[in-house]
Amino acid sequence: MARKTSKTSARSANARPANALWGGRFSGGMAAIMEQINASIDFDRRLYAEDIQGSIAHAEMLAAQSIISKVDAKAIVKGLKRVQGEIEAGRFKFSRALEDIHMNVESRLSEIIGKPAGRLHTARSRNDQVALDFRLWVRRAVDEADVALADLQTALIDKAEAHAGTIMPGFTHLQSAQPTTFGHHLMAYVEMFGRDRGRLRDARRRLNECPLGAAALAGTSFPIDRHRTAKALGFDRPTANSLDSVSDRDFALEFLAAASISAVHLSRFAEEIVIWCSAQFRFVKLSDAFTTGSSIMPQKRNPDAAELVRAKAGRIIGALNALLIVMKGLPLTYGKDMQEDKEPTFDATDAFALAVAAMAGMVRDMQPNAAVLRAAAAQGHATATDLADWCVRSLGIPFREAHHLAGRAVRLAEQKGVDLAEMTLADFRSVDRRITRAVFKVLTVERSAASRTSYGGTAPANVRRQAKAARKAWL
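About the thresholds
Residues numbered from 1 in each chain as written. Predicted model: local features only at pLDDT ≥ 70, side-chain atom pairs only at ≥ 80, totals over all residues. Heavy atoms only, no water. Helix = DSSP H or I, 4+ residues; strand = E, 2+ residues; numbered from the N terminus. Rg over C-alpha atoms; globule rule 2.2 N^0.38 Å. Buried < 20%, exposed > 50% of the residue type's maximum accessible area, 1.4 Å probe, protein only. Contact = heavy atoms within 4.5 Å. Areas by Shrake-Rupley, 256 points an atom, 1.4 Å probe, with all protein chains shown as cover. Pairing = 2+ DSSP bridges. Axes fitted to C-alpha atoms, helices over the stretch in contact; angles between N-to-C directions. Parallel < 35°, antiparallel > 145°, perpendicular 65-115°, else oblique. Nonpolar A, V, L, I, M, F, W, Y, C, P; charged D, E, K, R; others polar. Phe/Tyr/Trp six-rings, centres within 6.5 Å; stacked < 30°, edge-to-face > 60°. Salt bridge = Lys/Arg side-chain N within 4 Å of Asp/Glu carboxyl O. Polar contact = N/O pair within 3.5 Å; in protein donor to acceptor, adjacent residues only side chain to side chain.

As a further point, take the overall build of the chain. Scanning the chain for helices and strands turns up 19 helices and 8 strands. Taken against the 2.2 N^0.38 rule, which gives 23 Å for 475 residues, the C-alpha radius of gyration of the chain at 32 Å runs more than 25% over that of a compact globule. The buried share among the 475 residues of the chain stands at 49%. If you take every contact in the chain between residues at least 6 apart in sequence, the share linking residues at least 24 apart comes to 73%. Element-wise, carbon and sulfur atoms account for 53% of the exposed surface of the chain, whose accessible area totals about 23,400 Å².

Laid out in structure tokens, this is it:
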């Protein structure tokens, strides 16, 4: 007869030894499933450089404050640099049993230098440690995103200057509205990405406070110098409240919010590129570098890079939503829920960096089809507003009356199957006898675009000035 296994024995068989770094109170070990859900080393290993940077600053501060000896601090710093070298050389063995990057680093440090490693965690907790590491990582991500967006702006400005006078249709409701220029259209995105960079810089200013020294939640009784560690790590100041220090993830939320707004701008531009590349539009052409073919239709040139940029926006916005939902119900201070802050942030950061780089590449690669753009701009009676404006200036009539007059001219042109510029003077005079031959000077798409000289308008001269100003402001 088979011997029955007790529930206690079953639990023990499915358990792991207590963690040596925090397991003093625990004797029964950790269930395998608990180890799996609790461990974060599979993703937070990306924080290794920040973790070691923070630990070095902490150790040096402890020695300066005579909390640990200078000899121990020197050994700790030397050991931490060795650990970093092992990680970067691919020789470091990460352990899920040690849960996270902090314990993995500290465990290896203990193997290297022995007892002094145990002094490193004096006057700090994993709570302020992870808050510091993550904040340092996000700060670097913000800086890298700013550089990437600056490169995208550079690509846009270069292309805009080259095509400041290339006529294209401007749209509202995706219907031809008024003539504009390809350069002016690209400069609109320079403005959008400039605002995105402003949001990133604003977020960076707020995140640049150091939580190290808040310890678990209440601070520490050791005579630490938080201003020293803040300065050593490039922060403007230490955080002001220990409870907020360990529970705040606003810095990640703000970064994701700024990235999400920028991703929307990227997605809008990507959608336009997809439309422009279609056979129905043929506004621009992308080379083989940013397109793919079809497995069955040899004539296809698919704008996959643009489509994937468009899709990345969903992942980035999703990451923001995920972290907002994680944080929305948490009481102060730290909860293990907050371990879920990193994966969406890491994923969104990777997706955003790739999307921005791909868009910069497409901008440099794309070649506008000037003849097609000009022909499209001339369709749909796009100079009707110019006709109305001419009537106001030349006939001295109110704009509303001029608008109706231009509308009657458009109706006549549609009846005759011609564009406004192709109508005869007799045609115009049948609409209103006051119209003179001078009206034809405003009915070409080139004259229309060139006339929009108001600040921010589409006139080629404006575009060139705007591009020059943008270089000075952003690059």
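That shown, we press on.
Right, let's get into the pairing of strand E3 (residues 167–172). Sheet analysis places E3 next to strand E4 (residues 175–181), joined by 6 bridges and oriented antiparallel. Note on E4: the bridge partner recorded for isoleucine 167 is threonine 181.

Between helix H4 (residues 48–64) and helix H5 (residues 70–88), the shortest axis-to-axis distance is 9 Å and the interhelical angle comes to 170°. Classified by the interaxial angle, the pair formed by H4 and H5 is roughly antiparallel. Seen from H4, the contacting residues are Tyr48, Ala49, Ile52, Ser55, Ile56, Ala59, Glu60 and Ala63; seen from H5, they are Lys70, Ala73, Ile76, Val77, Leu80, Lys81, Val83, Gln84, Ile87 and Glu88. For the contact of H4 with H5, a count of residues per class yields 12 nonpolar, 2 polar and 4 charged.

A few words now on the packing of aromatic side chains. According to the stated counting rule, one finds 12 aromatic pairs in the structure shown. Ring centres of phenylalanine 171 and phenylalanine 283 lie 6.5 Å apart, and the angle between their planes is 25°; this geometry places the pair in the stacked category. Residue phenylalanine 171 is located in strand E3, and its partner phenylalanine 283 is located in the loop between helix H11 (250–277) and strand E7 (284–285); the two are separated by 112 residues in the primary sequence. When the centroid spacing of 5.6 Å and the interplanar angle of 80° are considered together, the rings of phenylalanine 428 and phenylalanine 440 count as edge-to-face.

Counted under the stated rule, the structure contains 33 salt bridges. A salt bridge links arginine 96 to aspartate 42; its shortest N-O distance comes to 2.2 Å. Within this pair, whereas arginine 96 is found in the loop between H5 and helix H6 (101–113), its partner aspartate 42 is found in helix H3 (residues 41–44), the two being separated by 54 residues in sequence. Residue classification places arginine 96 among the partly exposed positions, given a relative accessible area of 34%. Taking the relative accessible area as the measure of exposure, aspartate 42 reaches 47% and is therefore partly exposed. A salt bridge links arginine 199 to aspartate 196; the nearest nitrogen and oxygen atoms lie 2.9 Å apart.

As a further point, take the side chain of glutamate 99. Along the polypeptide, glutamate 99 turns up in the loop between H5 and H6. With a relative accessible area of 3%, glutamate 99 lands in the buried category. In terms of polar contacts, glutamate 99 uses its side chain to reach the side chain of arginine 126, at 3.0 Å.

Attention now moves to unusual backbone geometry. Of note, the bond from leucine 332 into threonine 333 is cis; its omega dihedral lies within 30 degrees of zero at 10°. Within the chain, glutamate 99 stands out as a residue other than glycine whose phi angle is a positive 75°. The phi dihedral of alanine 123 falls on the positive side, at around 65°, and the residue is not glycine.

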